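# Geometric and topological summary
Listed here are the chains, written in short residue letters.
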Amino acid sequence: MVKSPAIIKRRTLRVLGTAVTLLDQIKERAERDLGFDLEFEVLDFVSCQGKAALSPQAYDIYDQCFHNLDIVWFWGALQPIDTQRITLWDQVSDLTKKGGISRYAWRGHGDAPVKKLYVQPGDSLGSEQGRFISMLPTVHNLDSFGYDARVFGYEQRFNESWAWLLDARAKGRVAIVDEPAIGIFDAALAAESSGEIAFADIGNMTVAEIDALIKLLDDRRQKGFFRTMWRTAADASALARNNQVDVQSMWSPAYGELSGGAPHFLEAVPIEGYRAWHGGMSLRHGLSGDTLDMAYDYMNWWLSGWTGAVMARQGYYMSVLEPVKQALLPEEWAYWYGGEEALSDLSGTAGQTVVQMGKRRPGGAYSDRANRIAVWNTVMDEHNYAARAWMRFVERVRAGQP
Amino acid sequence: MNKTVGTKVTMQKRYALISDVLRNNMRTGRLPQGFVLLEGPIADVMQSSRAPVQMALRILEEEKLISRFDGRGFVVGKSQYPVRGEIRDLDLQISGEIDEALQSRGTWELVYDQVEEDIASSLIFGEFRIIETELGDHLGVSRTVVRDVLSRLSERGLIRKNQSSHWIAGPLTAQSVRERFAIRSILEPAALKLAAPHIDYAEVAHLSRKAEKPDDVEEDFEKALLESCIAKAQNAELISVIRNIQLPLNAASRALTRLGLPRDRFAEDEYRTLFGLIERRLIDPAADYLENHLKLLAQKSLARLKIVAVISEAEHSLPYLTKIQ
C-alpha cells in the first residue's frame, strides 16, 4: 500500500488594494521571502474603498490611501494596528507621525495622514499620539501637473502654476484625472490660483464652493477646454506621448512611461505647492491568530527596504527611508530622493530606462518637495455631494456634450 | 395654514372616532376605573398613529373622564390606584361603523409612513423632484391623498416647493447634518431638563436594565431616549421641532444600516450610561453627557455619510423621484 503524501495546506494572506502597490513582482518576492501565498485583489480607488467597507470578509489587509481610510474605519471594517509589533515604527517619518517632515514644513489643507493616524479613545481617529494606529504609513508622493514647454515656455521654474490647468493657451488640450478625491483638488487648486474662486478651506469645501467650482469647470467645458478626463497613469502617459494635451494632471510613473518620448513635456513644480497623498496598510476587523501574524509579517516586510526601492523607481517615496537607501543603487538614491543629477540612465520597475543620464528630478530632493504641500488628497465632509457632482461633470466631458 | 386643511379634517375624524371608542367602553365598564391608558398600545388597537390618540386623550382629560397620575399616561376616572394591563386583552367594543371608519378613513396615514421613510432615506443620494402623478400611481391612491401626504411631508420639513411650484426633497449634505446635530445638542439637553419632573423613572430603570442585554441596538436606544425621557417635556412645540430635526438623520442612519453599517458599540455604551444617569435622577450630568454624546455622534455621522458616495443611487431609486442634476 502506497502511503499518500502529506497534504501541506499553503497559508494565504489576502490583500485588497490598488495598482499603486499591488504589483506582480512584489507578490512573487513576498511569497518567496515570507513563505506564504498572497492573493492580490486590484481595484480602482473608489471600488476598492467601497469593497473594504461593505465586504470586510473579503480581505485581510486593506492597502490603500489615508484619504480613503476614515470611511472604512467608521464603517467598523478595520482593527487598530499595534505599533509595538511594527519593527521599524521608530523610523517611520514625521510626515505622517507629526504632520510634516519638520516643524516648519507646510502642513497642507485637507486629510493630512496625521489627522487620521492614531486611534483615539472612543475609537475615533486623530493626531493625538498613541500606541495604536489605523493604518501603517507606507508609500506616498507629491503630485503636480505636467505641461508642454513649447506652449508654456521652457525655463519656467518658480513660475509654474496650477492655474495653467485653466489657461486659455491650452484651450481644448487640458486633461484632469477623474478620481473624485484627487481630480477635484487639481481643479480647485487651478481655480484658486487663477483667482477665480477663493476657498475658505480648500481641503474641506462647502456646498456653495463645490457648486461654484463645478459651474466654473462646466463653463470651461462648454467652451471646449477639456480634452478628456483620464483614469490611469498609463492613460496620462499616452495623452502626453501622442501630443493630445498641453497641460494635465500627472502622476509620477507616467513620466517614467514617457521614457524620453516627449522631452518637451515637463513635470511642474507649482509655486502654490504640491497635492500630496499617502498610502498605507490596515488590518481587517476580526483578523486574528495565524493570519494576523502573517499580516504583521507582511507589513514589516514592506518597510524593510526592497519594496521601497521598487516604489522609488516609479517616483514614489516610502515612510521609512534608511532601508530604501540600502536597497537602491547609490545613483538611484541620489536621483530619486537626493534631487541630484542622474549619473547614469536609471531603470524603472520593469527594467526599462525611465530616467536619462544627466536629468534632475523636478522639485529637487525629497526634503524640498515634502516641505511644500498645498493640499492632501481628501475625502471631504461633503465628499458624497462633491463626488456625485464631480462624476456628473466627468461624464459630460467624456460624452462631449455641448 | 390652508394647505393642511385636508390633513386636519382626517385628523379630526380620527381622534374623534378614537375618543368615541374609549368613551363608550368606559361607559360599559370594559375600560375599568384606574386602568392605565398609554398612547402606544391604544394606537396599536385602533390601527392609528400616535398623534390622534394623543388628541383623543387630551379631550377625554378635558371631559374629566380620565386623569393624569404619578406615572406615564392617564388613568380611567380619578383613581389613585392605577391598574396596569394590556388594552388589547380587554376586548374593547368597537362599533362596526367606527371600525369601518378606522379602517377606511385616513388613507393618507396608512401610506404616509412608508413614503416618509422612502423619501427621508433617499436624501443622502442628492436632490430630487417628486412627481405627484407617479406617487399616486405608485401608492394606488387619488390625487387628494397624494396632496395630504405631501402636506404632511412638508410640515415635517422633508420637502419644499421650488420657484416653479415643484415639490423638492434633499439633498442631505454634510452641512445640514452638522447643522441638525448642532440644533439637537442645544435642544435635547434642554428638553431633558424640562422633562425631568415628568419622566417615569421606573420606566427608565426598566430601560436601563433592558439596555444591559446585548440585543438592543443604537437606534432602539435613541428612540427610547426620545420617547421615554426627552419627549416628556411639557412643550409640544419643542418636541415637534426635535422630531423633525431628527427625522432625516435617523432615516439616513437606517438606510446605512440596511447597507450593512455595523452596530456602534460605543454609542450603545453611551446610551446605557445616559439611562443610568437619568434613572438616578442626575439630570444635569445626563444633559451634559447627552450634549457630548451628540457631538461624537455628529462626527461619526459625517464620516459614515461619505461612504454613500460609492453607492449607486440607481439601486435605491423610487419611481416617483426624479434626480435633479
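In short, a report on the structure. Quick caveat, the model's predicted, so the values are computed rather than measured.

## Some words on the overall build of chain A
- The secondary structure content of chain A amounts to 16 helices and 17 strands.
- A compact globule built from 402 residues should have a C-alpha radius of gyration of about 21 Å, and chain A, at 21 Å, falls within 12% of that.
- Dimensions of chain A, computed from the C-alpha atoms along their principal axes, are close to 80 × 50 × 50 Å.
- The contacts of chain A with a sequence gap of at least 6 include a subset with a gap of at least 24, amounting to 69%.
- With an accessible surface of roughly 15700 Å², chain A has 50% of that area assigned to carbon and sulfur atoms.
- Separation between the mean location of the 42 positive side-chain charges and that of the 50 negative ones in chain A comes to 2 Å.

## Observations regarding the packing of aromatic side chains
Residues and elements named next belong to chain A.
- Overall, the coordinates contain 22 aromatic pairs over all chains when judged by the stated rule.
- Their ring planes at 55° and their centres at 5.2 Å tell us that Phe145 and Trp162 sit as a pair that is tilted. On the criterion of sequence distance, the pair formed by Phe145 in strand 9 (residues 136-148) and Trp162 in the loop between helix 6 (149-152) and strand 10 (174-177) is long-range, its members being 17 residues apart. Assigned by exposure class, Phe145 and Trp162 land together as buried.
- A centroid spacing of 4.9 Å and a plane angle of 85° characterise the contact between Tyr147 and Trp164, whose relative ring orientation is edge-to-face.

## A short note on the interface of chain B and chain A
- In this assembly, 27 residues from chain B lie in contact with 24 residues from chain A.
- Across the interface of chain B and chain A, roughly 2200 Å² is buried in total on both sides, 62% from carbon and sulfur atoms.
- The largest contributions to the chain B side of the interface with chain A come from Lys306(B), Ile307(B) and Val310(B), which together make up 29% of the buried area.
- Between chain B and chain A we count 2 salt bridges in total.
- The closest approach of N and O atoms between Lys306(B) and Asp70(A), which form a salt bridge, is 3.1 Å.

## Re the packing of helix 8 (residues 207-222) of chain A against helix 16 (residues 383-399) of chain A
Residue and element names in this part refer to chain A.
- Closest axis-to-axis distance for the helix 8/helix 16 pair is 10 Å, and the angle between their directions is 5°. Taken as axis vectors, helix 8 and helix 16 run roughly parallel relative to one another. Residues Val207, Ile210, Asp211, Ile214, Leu217, Asp218 and Arg221 of helix 8 form the contact with helix 16, whose own contacting residues are Tyr385, Ala386, Ala389, Trp390, Phe393, Arg396 and Val397.
- When the residues that make up the contact of helix 8 with helix 16 are grouped by side-chain class, the tally is 10 nonpolar, no polar and 4 charged.

## Quick notes on helix 11 (residues 289-302) of chain A
- Taking 1.5 Å per residue as the helical rise, helix 11 of chain A with its 14 residues ought to reach 20 Å, and the 20 Å between its terminal C-alpha atoms agrees with that figure.
- Residues of helix 11 of chain A that are buried include every one of Leu292(A), Met294(A), Ala295(A), Tyr296(A), Tyr298(A), Met299(A), Asn300(A), Trp301(A) and Trp302(A), and no others.

## A few points about the packing of helix 9 (residues 201-211) of chain B against helix 12 (residues 265-279) of chain B
Residue and element names in this part refer to chain B.
- Following both chains from N to C, one finds helix 9 and helix 12 inclined at 150°, their axes separated by 9 Å at the closest point. Classified by the angle their axes make, helix 9 and helix 12 are roughly antiparallel. Read as a crossing pair, helix 9 and helix 12 show a hand that is left-handed. Along the contact surface, helix 9 presents Tyr201, Val204, Ala205, Leu207, Ser208 and Ala211, while helix 12 presents Arg272, Phe275, Gly276, Ile278 and Glu279.
- Split into classes, the residues belonging to the contact of helix 9 with helix 12 amount to 7 nonpolar, 2 polar and 2 charged.

## Section: the side chain of Glu209(A)
- Considering the arrangement of structural elements, one finds Glu209(A) in helix 8.
- Once residues lying within four places of it in the same chain are set aside, the contact partners of Glu209(A) are Ala198(A), Phe199(A), Ala200(A) and Asp201(A).

## What to know about the nonpolar core
- Core analysis: the biggest nonpolar cluster contains 175 residues, and Tyr298(A), Tyr337(A), Ile130(B), Leu192(B), Phe275(B) and Ile278(B) have the highest contact counts within it.
- Looking at this core, the element that brings in the most residues is helix 13 (residues 283-305) of chain B, giving 10 residues.
- Within the second largest apolar cluster, 41 residues are counted, among which are Val174(A), Phe199(A), Leu216(A) and Phe225(A).

## Some details on the pairing of strand 10 of chain A
Residues and elements named next belong to chain A.
- Along strand 10, one buried face is formed by Val174 and Ile176 and the opposite face, lined by Ala175 and Val177, is buried too.
- Bridge analysis of strand 10 against strand 11 (residues 226-230) gives 4 bridges, and the strand direction is parallel. Residue pairing for strand 11: Val177 is matched across the bridge by Trp230.
- Here 2 bridges tie strand 10 to strand 12 (residues 247-250), and the two strands are oriented parallel to one another. Note that in strand 12 the partner of Ala175 across the bridge is Gln248.

## Brief notes about helix 7 (residues 143-155) of chain B
Residues and elements named next belong to chain B.
- When the terminal C-alpha atoms of helix 7 are compared, their 18 Å separation across 13 residues agrees well with the 18 Å that a helix rising 1.5 Å per residue should span.
- When we look at burial in helix 7, the residues that qualify are Val145, Val146, Asp148, Val149, Leu150, Ser151, Leu153 and Ser154.
- Following helix 7 by one or two positions, Gly157 has its phi on the positive side, about 80°.

## Quick word on the pattern of salt bridges
- Scanning the entire structure with this criterion turns up 44 salt bridges over all chains.
- The closest approach of N and O atoms between Asp290(A) and Arg11(A), which form a salt bridge, is 3.1 Å. Of this pair, Asp290(A) sits in helix 11 while Arg11(A) sits in the segment before strand 1 (12-17), and the two are 279 residues apart along the sequence.
- Residue Arg11(A) is classed as partly exposed on the basis of its relative accessible area, which comes to 35%.
- By sharing partners, the salt bridges in this structure join Asp70(A), Asp111(A), Lys116(A) and Lys306(B) into a single network.

## Focus on the sheet that holds strand 5 (residues 159-161) of chain B
Residue and element names in this part refer to chain B.
- Reading across from one edge, 5-6-4-7 is the order of the 4 strands in this open sheet, with antiparallel pairing throughout. Unpaired on one side and paired on the other, strand 5 and strand 7 (321-323) mark the two borders of the sheet. Here the strands of the sheet are splayed against their neighbours by 35° on average, with no regard to which way each runs.
- Pairing between strand 4 (residues 128-130) and strand 7: 3 bridges, direction antiparallel. Paired with Phe128 across the two strands is Lys323, which belongs to strand 7.
- Helix-sheet contacts for helix 7 involve strand 4, strand 5 and strand 6 (167-169), and the interaxial angle to strand 5 is about 105°.

## A short note on the environment of Asp70(B)
All names here are of chain B.
- By the secondary structure assignment, Asp70 is in the loop between strand 2 (66-68) and strand 3 (74-76).
- Since its relative accessible area comes to 82%, Asp70 is described here as exposed.
- Once the C-alpha coordinates of Asp70 and Ile199 are considered, the two residues, 129 residues apart in sequence, prove to be 9.6 Å apart.

## Thoughts on the sheet that holds strand 3 of chain B
All names here are of chain B.
- Taken together, 3 strands build an open sheet; the order of strands is 1-3-2 and the sheet is antiparallel. Both outer strands of the open sheet, strand 1 (36-37) and strand 2, are each paired with one neighbouring strand and no more.
- Along the sheet face, helix 3 (residues 50-62) touches strand 1, strand 2 and strand 3 and points at about 100° away from the line of strand 2.

Reading the values: the criteria
- Residues numbered from 1 in each chain as written.
- Chains lettered and ligands numbered in written order.
- Predicted model: local features only at pLDDT ≥ 70, side-chain atom pairs only at ≥ 80, totals over all residues.
- Heavy atoms only, no water.
- Helix = DSSP H or I, 4+ residues; strand = E, 2+ residues; numbered from the N terminus.
- Rg over C-alpha atoms; globule rule 2.2 N^0.38 Å.
- Contact = heavy atoms within 4.5 Å.
- Areas by Shrake-Rupley, 256 points an atom, 1.4 Å probe, with all protein chains shown as cover.
- Lys, Arg positive; Asp, Glu negative; His and termini not counted.
- Charge placed at Lys NZ, Arg CZ, Asp CG, Glu CD.
- Phe/Tyr/Trp six-rings, centres within 6.5 Å; stacked < 30°, edge-to-face > 60°.
- Buried < 20%, exposed > 50% of the residue type's maximum accessible area, 1.4 Å probe, protein only.
- Buried area = accessible area lost by both parts, 1.4 Å probe.
- Salt bridge = Lys/Arg side-chain N within 4 Å of Asp/Glu carboxyl O.
- Axes fitted to C-alpha atoms, helices over the stretch in contact; angles between N-to-C directions.
- Parallel < 35°, antiparallel > 145°, perpendicular 65-115°, else oblique.
- Nonpolar A, V, L, I, M, F, W, Y, C, P; charged D, E, K, R; others polar.
- Expected span 1.5 Å × (residues − 1).
- Left-handed = near helix turned anticlockwise from the far one by under 90°.
- Core = buried A, V, L, I, M, F, W, Y, C linked by side-chain atoms within 4.5 Å.
- Pairing = 2+ DSSP bridges.

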